[in-house]
Every structure is written in structure tokens, then in C-alpha cells.
Amino acid sequence: MKVLKFGGTSVGTVDSIKTVIDILENNIANGEKIAVVFSAMGGVTNRLIEIGKMAAAGNTEYIEFLKVVEERHFAVVRGMINVKNQSSTFAAVRGLFNELGDILRGVSWIRELSERTLDLIMSFGERLSTLVISEILKSRGVDAEFCDARTIIHTNATYGMGDVDFEVTNRQILEYFAKTTSLQCVTGFIASTTDSVTTTLGRGGSDYTASIIGAAIDATVIEIWTDVDGMMTADPRKVANAFTIPSISYAEAMELSHFGAKVIYPPSLQPAFAKNIPLKVLNTFNTDFIGTFVQKGAEKKDYAITGISSIDEIALVNIQGSGMIGVAGISGRLFTALSVNDISVILISQASSEHSICFSIDPKNAQRAREVLEKEFSHEIALGYIDGISIEKNLSIIAIVGEGMKKSTGVSGKLFSVLGKNGINVVATAQGSSELNISVVISKGDLSKALNSIHGVFFQSETRSLNLFIVGVGLIGATLLEQIKNQTQYLRDEKLLNLNIAGLSNTKKMLLDPDGISTEQWRDRISDEGVKTSLPAFVQRMIELNLPNSVFVDCTSDKDIVQYYNMLLEASISVVTPNKVANSGLYAEYTALKRTALKRGVKFLYETNVGAGLPIINTIQGLMSSGDKFLKIEAILSGTLSYIFNSFGPGIRFADVVKEAKAKGFTEPDPREDLSGADVARKILILAREVGVPLEATDVHVAQLLPDNCLAAPTVENFFEELIVSDDYFAKLQADAEAQGEKLRYIATLENGKAVVELRTVDASHPFYTLSGSDNIVSFTTERYKDRPLVIKGPGAGAEVTASGVFADIMSISSYLG
Ligand SMILES: NC(=O)C1=CN([C@@H]2O[C@H](COP(=O)(O)OP(=O)(O)OC[C@H]3O[C@@H](n4cnc5c(N)ncnc54)[C@H](O)[C@@H]3O)[C@@H](O)[C@H]2O)C=CC1
Ligand SMILES: N[C@@H](CC=O)C(=O)O
Ligand code: NA
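Thresholds applied
- Residues numbered from 1 in each chain as written.
- Chains lettered and ligands numbered in written order.
- Predicted model: local features only at pLDDT ≥ 70, side-chain atom pairs only at ≥ 80, totals over all residues.
- Heavy atoms only, no water.
- Axes fitted to C-alpha atoms, helices over the stretch in contact; angles between N-to-C directions.
- Helix = DSSP H or I, 4+ residues; strand = E, 2+ residues; numbered from the N terminus.
- Parallel < 35°, antiparallel > 145°, perpendicular 65-115°, else oblique.
- Contact = heavy atoms within 4.5 Å.
- Nonpolar A, V, L, I, M, F, W, Y, C, P; charged D, E, K, R; others polar.
- Near = heavy atom within 4 Å.
- Polar contact = N/O pair within 3.5 Å; in protein donor to acceptor, adjacent residues only side chain to side chain.
- Areas by Shrake-Rupley, 256 points an atom, 1.4 Å probe, with all protein chains shown as cover.
- 1 Å grid on protein atoms, 1.4 Å probe; cavity = no way out; pocket = protein on both sides within 12 Å on 5 of 7 lines; lining within 4 Å.
- Sits in = over half its atoms within 2 Å of the grid points.
- Domains from an automatic or database assignment.
- Buried area = accessible area lost by both parts, 1.4 Å probe.
- Pairing = 2+ DSSP bridges.
- Left-handed = near helix turned anticlockwise from the far one by under 90°.
- Donors = N, O, S within 2.8 Å, 3.2 Å for Na, K, Ca; no water.
- Buried < 20%, exposed > 50% of the residue type's maximum accessible area, 1.4 Å probe, protein only.

1. Description of the packing of helix α4 (residues 83-110) against helix α5 (residues 115-139)
In contact at an axis separation of 10 Å, α4 and α5 are set at 180° when each is read in the N-to-C sense. Our classification of the angle between α4 and α5 gives roughly antiparallel. Contact with α4, carried on its side by Asn85, Thr89, Ala92, Val93, Leu96, Phe97, Glu99, Leu100, Ile103, Leu104 and Val107, involves Thr117, Leu120, Ile121, Phe124, Arg127, Leu128, Leu131, Val132, Glu135 and Ser139 of α5 and no other residues of that element. Of the residues contributing to the contact of α4 with α5, the split by class is 14 nonpolar, 4 polar and 3 charged.

Below, the structure written as C-alpha cells:
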């Protein structure tokens, strides 16, 4: 025989009861022998408690409240039983409400509501729902029978949570079921003492009823019908990617529920577990879904862990002192004192040094725990053997649970590594030798981020998310968004990666949305929903959101924005940028950023600072890491100047070529930076720093390229005018070079710790002679590349190549996050 149990929401409305009836009739049609346990209609138990309290307080409004409850039951009768059969059910329901009304009147007279009376009042919830549903079934021709569990399940007289007398109960259940062939509709949650006083079974009560009956009659399976798709890998309200666990062992279910998974309350299923009766958790509102199968042994799973659960709010108590080392009995006294005072301990951790013990408790017990322990150890504290008791609050516990951990190595490594990569500090940790659960205590503010990132790494086949916050949607920023848009599907399918644009800002408006800004509609959304741009507010909001795998992408050339980099890195947010300002500022600031990134386990990536998408910085970093030494760097580092010198010639105005370079997206937002040599100067400065030469910007010698009038131009417009004025100057430079069979090249050199940037002419034998378009070229002479330098060459400016370099940096973060 199968035992089915339907919870409060399943029997909460006429519609849901219709589904319940369908499920039952399908079972009958399939020839299944079944018994059914029902909870009270959703919300009724709480209402009855409230009504009881109102009555006890002498508040006669309870009568109105009771009428509402009555009406809910009548509505079901009206909605589900045909008119000619309704009257007897109405009479029975009314009879129960009359009885309940009498009891409540008594309560209001004597102004007292004992636990015992409350149990009696609550019992009406299950008695009413079960009565009504059994009558519905009968009216549809099913041979159903109402079974008041008080006649078969007996407990002691502990009201609120009766202790079941299994010997008597099991015997009574067997006798009862032996005598009947009708479908038994059993009231959940309620029982009675042997002298017929009503009791209740406590938390998870109706599940318990189903489990007691299932175990007594050796049911083939117990089906718990609820309003969710079974047990999930994590709380879906906290982890959007959580999914149903198809199969779970009793022990795993126990562990998960201990840490807050509310779907079932496994302790109440203990009788079924003891008899190895499997259990299914099914959804009344999604009957086709397979739900979760709970059974004794663990099945082979696709993942190393089965689920993740958490407790939102705990306090961590730490007791430490040199006097605890090697002294037997300290922990015995500690935990006895807590238990005597009814303070339940959630997690315990003690390192083998025995110097301290820490444990977590419900924060509402924190103050009491301190008092209890200060009293218990007053002697040791007075003598200085114990330093004292410290209590830390605003903490959460996360537990990863799974029998699979026993067989696979690296589970805890993975857990701690993902926490580390997301900058989440682990305050305490515990793992039992059962290897079923690893628990970590973390700051409450990191809970959501931790749950999501842990879920991401352990349930790998799901798509991981990188949360991007992009500031500056000019040429590079907008091209990056376009490239992301075009790659979205590929990255989802092939890399299981979702690039979530969680924030965007231009100079006027900004928009942050953790649910993502579509790359199809970002322009509309930022203009419709954006608020006035404020960089500090943007940064603060990002930090508050505390999303896992966050990346700040600075696509501006703003000088002020870099002041936030360190703060962002400190908050464990990676930074990716083509903006050269940070790395060409003070050397101390440059190294500070690198140090913070390292300390926080996040990335600070800026490949596009030099040579746009060309792999220049990465190449240097690779060579440096592997121990190579740089002897000389010679390079053309300006796409703009390269383009100009490759395009300028007789019959062409210099100013027009500069305009062309600007139109092609090669120049800096302010082209004076390119033509003054400043852009190249900062690039060679960055390269110098990367190869270990600690230069400041003022150490770079920049030979002037422009005539004074151009350099002095106060605006970009004015600059172009001055370029026109100086056309002859440029034409002469070009003609002189050409006359020698040479070409103009703006070359940066780093040698012997000195950086120089100057305009040179090179002949056809020089490797820099053959450049075209916006090509950059970098030649590295190192100890390993001494005879023939390592050369990197290619377009070194422009929207597509730069945005793709930024994109590549973002992708490298995604692979680092694993
Ligand atoms: N264009 C290229 O080939 C390359 C550019 N870069 C760098 O990329 C960065 C962006 O360059 P482009 O896109 O070409 O310039 P752009 O001028 O087209 O775009 C920059 C955008 O940032 C916005 N912006 C400036 N400050 C802002 C702030 N505080 N908040 C929000 N938005 C702000 C501007 O309004 C502009 O729309 C610059 O740092 C540049 O040096 C690096 C390598 C190559
Ligand atoms: N303006 C720069 C762009 C790349 O950094 C250049 O011209 O090289
Ligand atoms: Na580069």
C-alpha cells in the first residue's frame, strides 16, 4: 500500500483540492491501494492559534475570524459536492464549528489557553479538511472513509509535541487497517493520549503521521505532496539556478533540513526511514514533475555534492586561553552548561592546538550563552587560564552536503577556493568525519554571493555567470557590448558562461540591474530607466550588490575613475580596463593596485593599455613569471601615429590624415594626447613597469613631435586649425625622409632603465620600415630572445581590436573563476 500526504497548500483552495482528487482517482484507476493523510487547509492552523489567543484575551472579534475559517470550508463543499449531496456535509462541518465555538467560548470565559486546549483547538484544522475531502470522494463514488488519527495514534501528555507510543500505535494502526478495505482519509498532525485527550505531533506533524502509518503498515512508498518541485540543490529564493535533486539519501535529507531546507522535515520521517520505506516529494501544482526520491542509500550522482543549505543568522562564540591546552573536561563542562540552559549548538569547531573552542548558536541566545559561560568558567577566567568569551554576530552558516564527498577528493578545496576567489572570508569551518557535510561560517553580507558562487562551481553543468559593470559606452564600450551580444549564444552553449551586464554608465545616466541589462536593448534601457550618473553611487551600489564574479570594466579615459579601482579590488571585484590612467600614474599607485588584486584574489587586467588587443602585456607577464630578463624594448606604440605616417604624403593635408585617424577610432578621445607623444610615453612607461623598471612618468624622455603652436592649442578644434597652419612643417619632415629612402616612425625605446620616445627615420633594412595601417610593433630583446628579438606586430588601435582585447581579459577572468 502507498501512503500519500497532502500539505496545507495542496488542500488550500477549491482548485488545488480538485487536483488532489485527480491524483487520488488516478491512483485508484491504476489499481493502487492507498491511504491518504491531510493537513489542515493552508493557513488554518495559524488562524486557529490566533483565534484561540484572541478568545483567551477576551477579544470577541475571534468570532468573526472563526466565521471566515468556516466559510472557507463551506466554499469547498459548495464547489466540490453536488447540491443534492451537500447538506449532510454542511451539517457535519457546522457540527465541528459549533463544537469549536463552544470550546472557544470556554476559553474566553476562563481567559486561559493551555497547551492542552490549544492542541484541541488546532485539531479542528485537520479534522475539518479531512472530513470535507473524504465527503467529496464519497460523493464521487469512491469508497472513502474519514479516519480520525486520534483513535489510532497515541502519545504521552506532552502537549504541543506528543511523544508517540509506538507499541500501542503500531498495534492499533495494524488492527484498524486490517478491518477495512475503504480508502482511509486520515487526519494529519493530531493524536491523543490513551485516555482520549487530544494531542499534536509538533513540527512536520502531518509528515510524521504519514510516516508513522506508512511504517506501521509497511507501505511500499510514502508520497509527500507539497507546493514545490521536491527538494532543491539550494533555496531557490536565494539561488536562482537551484534545481530539483532527483534522488537523495535519508542522511543527506537530514543534513540539508538541519540547515534550513524547509521542504520536508526529515526527523518526522524517521519511522519510515527506520523501515527503509522510500519517500517521494512531489508537487501538487506540477504533477508531471518527477520530484525528489528519498531513500536509504545514495545513488550515483552527477555532482560531487547533493545540495547546499544555510542558516541566515547565527552568532559565533569563541572561548580561548592557554589554560585550555591539554586540560580534559573543558568542552564537557562547556557544552553541559549550554545544554542545561537549553542553548542549542549549531556547529562546533576546535583546532588541535586546543587553545580555543568556537561554536555557533542562535543569536537570540548569545547574551545568555555569555552569562552562562562566564559563570561556569569564572574561576579559570579570574586566574587568566581562559581569556574570556567573545561573541561575533551578523554571521551565516553555509553547509554543502552530499554522500558523494566520501568518494571524491578536492571537494573542500573547491569550496574554499571559490570562496577565496570571491573575496569571502571564512570565519570558522567544521566537517564531521561522516564526510557528509562541510560547513563554513561567513559574514551575513556575503551569504547570497557565497551561495551562488558555491552553487555555480559544484553544479558545473549549469551556466556560470560573470557580472559585468561597464562604465563608458563610447567607441570601445559600445563595441564591446556589440561583441558580447554577438557571442552570447556561443558562450552559453560552448562555455556554459553567461555574461550578465549588471551595470552600465555613460556620462549622463547609469543603470544597475543585477538581473541583467540585455545587450539588445541597453541603449533604450539606460535612457528610459537610467538615473543621473554618479560614479561614487555606481561603485557603492556595486559593492552593496555583492554579486559573485563581479567585474568592473572601465572603458573611459577618465582620470578620476581610477581612484575607485583600489576600493573595487578591495571589495573583491575584478577590474578590466583599456584606460591607461591608473597604470601611468604614480608608480606606488600602480603597485598598490597589483598588490590589492593579489591580496583579494581578484584580477586587475589591462592588456589593451598597450597595443590594443595585441598580446603585449600578457607576453611580458609570461616571460617575467618564467624568469626571463628584459634587456631592451623597441616599439611603435601609437596606432594613430603609425596610421598618420603610413598615410601622409604629397598632396594630402596632415590635418586631414589626423581627422581620418580619429574617424577610424584610432585616436584617444582627445587626439592631442596621441600627437603630443603623451600616449606613447605612458605606454612605454607601463611596459617599463611591467618588466620591472620602476619609472615615473617624468622619467620618460619625450622628444617633441609637434611644433609649439600645435602643442599650445587649447581645444581640439583649435588644435586642428594649428595643424593646418603647420602643414608645411609636416610635409617637409615627410619629404626629407622620403628623399633618403626612409620612413618616419615614432619609436619608443627602453634600455638600461631609460625610456625615450622620439621621431626617427628608418630605412628599408629596419624591421619597423614595413608597417602599414595602424600597425604597432614591439621588439623584445631578452636574455632568452637575445640574438633574434621576440616581435609582436599588428593593428594597435581601433574599436574592434581594442574591444576584443577587453573581451579577452574578461574571458580570462571567467576561466580563472573556474
Ligand atoms: N580607441 C582605441 O583604439 C583604444 C582606446 N583605448 C582606451 O579606451 C578608452 C576608451 O576609448 P574610446 O572608447 O575610444 O573613447 P570614447 O571617447 O569613444 O569613449 C569613452 C566614453 O566614456 C565616457 N565617459 C568618460 N568619463 C566617464 C565617466 N566618468 N562615467 C561614465 N562615462 C564616462 C565618455 O562620455 C565616452 O562616451 C580610453 O581610455 C582609451 O585610451 C585603449 C586602447 C585602444
Ligand atoms: N590612441 C591610441 C589607441 C590605443 O591605445 C593609439 O593611437 O595607439
Ligand atoms: Na595589448
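2. As for the site of ligand 2
Near ligand 2 there are 13 residues, and of these Gly639, Thr640, Phe666, Glu668 and Asp674 occur at the shortest range. Take Thr640: an N or O atom from its side chain is 2.5 Å from an oxygen atom of ligand 2. Lys683 places a side-chain nitrogen or oxygen 2.9 Å from an oxygen atom of ligand 2. Here ligand 2, which alone exposes 250 Å², has 94% of that area covered by the protein. With respect to the detected pockets, ligand 2 is housed in the second largest pocket.

3. Some remarks on the domain arrangement of the protein chain
Here the protein chain is partitioned into domain 1 (2-217), domain 2 (307-458), domain 3 (464-612 + 806-816) and domain 4 (617-796). Relative to domain 4, the C-alpha centre of domain 3 lies at a distance of 28 Å. Domain 3 puts 17 residues into the contact, and the matching count from domain 4 is 23 residues. Between domain 3 and domain 4 lies a buried interface of about 1600 Å² when both sides are counted; carbon and sulfur atoms form 56% of it. By the criterion of area lost to domain 4, the three top residues of domain 3 are Lys580, Tyr587 and Val610, representing 36% of everything that side buries.

4. Section: the sheet that holds strand β15 (residues 426-431)
Reading across from one edge, β12-β13-β11-β14-β16-β15 is the order of the 6 strands in this open sheet, with antiparallel pairing throughout. Where the open sheet ends on each side, the last strands, each with one partner, are β12 (345-350) and β15. Each strand axis lies, on average, 30° off the axis of its neighbour in the sheet, ignoring direction. Summarising the sheet, β12 and strand β13 (residues 356-361) pair through 5 bridges and their orientation is antiparallel. Pairing of Leu347 across the sheet is with Ser360, part of β13. Running over the sheet, helix α11 (residues 366-376) touches β11 (307-320), β13 and β14 (388-401) and is turned about 125° from β14.

5. Digging into the sheet that holds strand β26 (residues 743-751)
Spatially, the 6 strands line up as an open sheet ordered β25-β27-β26-β24-β28-β29, and their pairing is mixed. In this open sheet, the two edge strands, each paired with only one partner strand, are β25 (701-702) and β29 (790-795). By the bridge criterion, 9 bridges tie β26 to strand β27 (residues 754-762) in an arrangement that is antiparallel. Across the sheet, the residue bridging to Glu751 is Lys754, located in β27. The strands that helix α24 (residues 678-690) touches are β24 (630-636), β25, β26 and β27; relative to β26, the one it contacts most, it runs at about 30°.

6. Regarding the packing of helix α2 (residues 44-56) against α4
Taken N-terminus to C-terminus, the directions of α2 and α4 make an angle of 40°; their axes are 7 Å apart at the nearest point. As summarised for this structure, α2 and α4 are arranged oblique, according to the angle between their axes. The chirality of how α2 crosses α4 is right-handed. Contact residues: α2 offers Leu48, Ile51, Gly52, Ala55 and Ala56, while α4 offers Leu100, Leu104, Val107 and Ser108.

7. Concerning the coordination of the sodium ion (ligand 3)
In the first shell of the sodium ion (ligand 3), the protein supplies Glu607 (O), Glu607 (OE), Val610 (O), Ala612 (O) and Leu614 (O), at 2.3 to 2.5 Å from the metal. Mapping the donors of the sodium ion (ligand 3) onto the primary sequence gives the spacing E-x2-V-x1-A-x1-L. Since its relative accessible area comes to 11%, Leu614 is described here as buried.

8. Description of the site of ligand 1
Ile476, Thr556, Asp558, Glu668 and Gly798 are the nearest of the 23 residues found near ligand 1. Contacts to ligand 1 include Ile476, whose backbone N or O atom sits 2.7 Å from an oxygen atom. Side-chain polar atom of Thr802 to an oxygen atom of ligand 1: 3.3 Å apart, as the coordinates give it. In the complex, the protein chains occlude 83% of the 830 Å² of accessible area that ligand 1 would expose alone. According to the grid-proximity analysis, the pocket containing ligand 1 is the second largest pocket. Classifying every residue of the shell around ligand 1 by side-chain character gives 7 nonpolar, 13 polar and 3 charged. Two domains each provide a minimum of three residues to the shell around ligand 1, namely domain 3 (464-612 + 806-816) and domain 4 (617-796).

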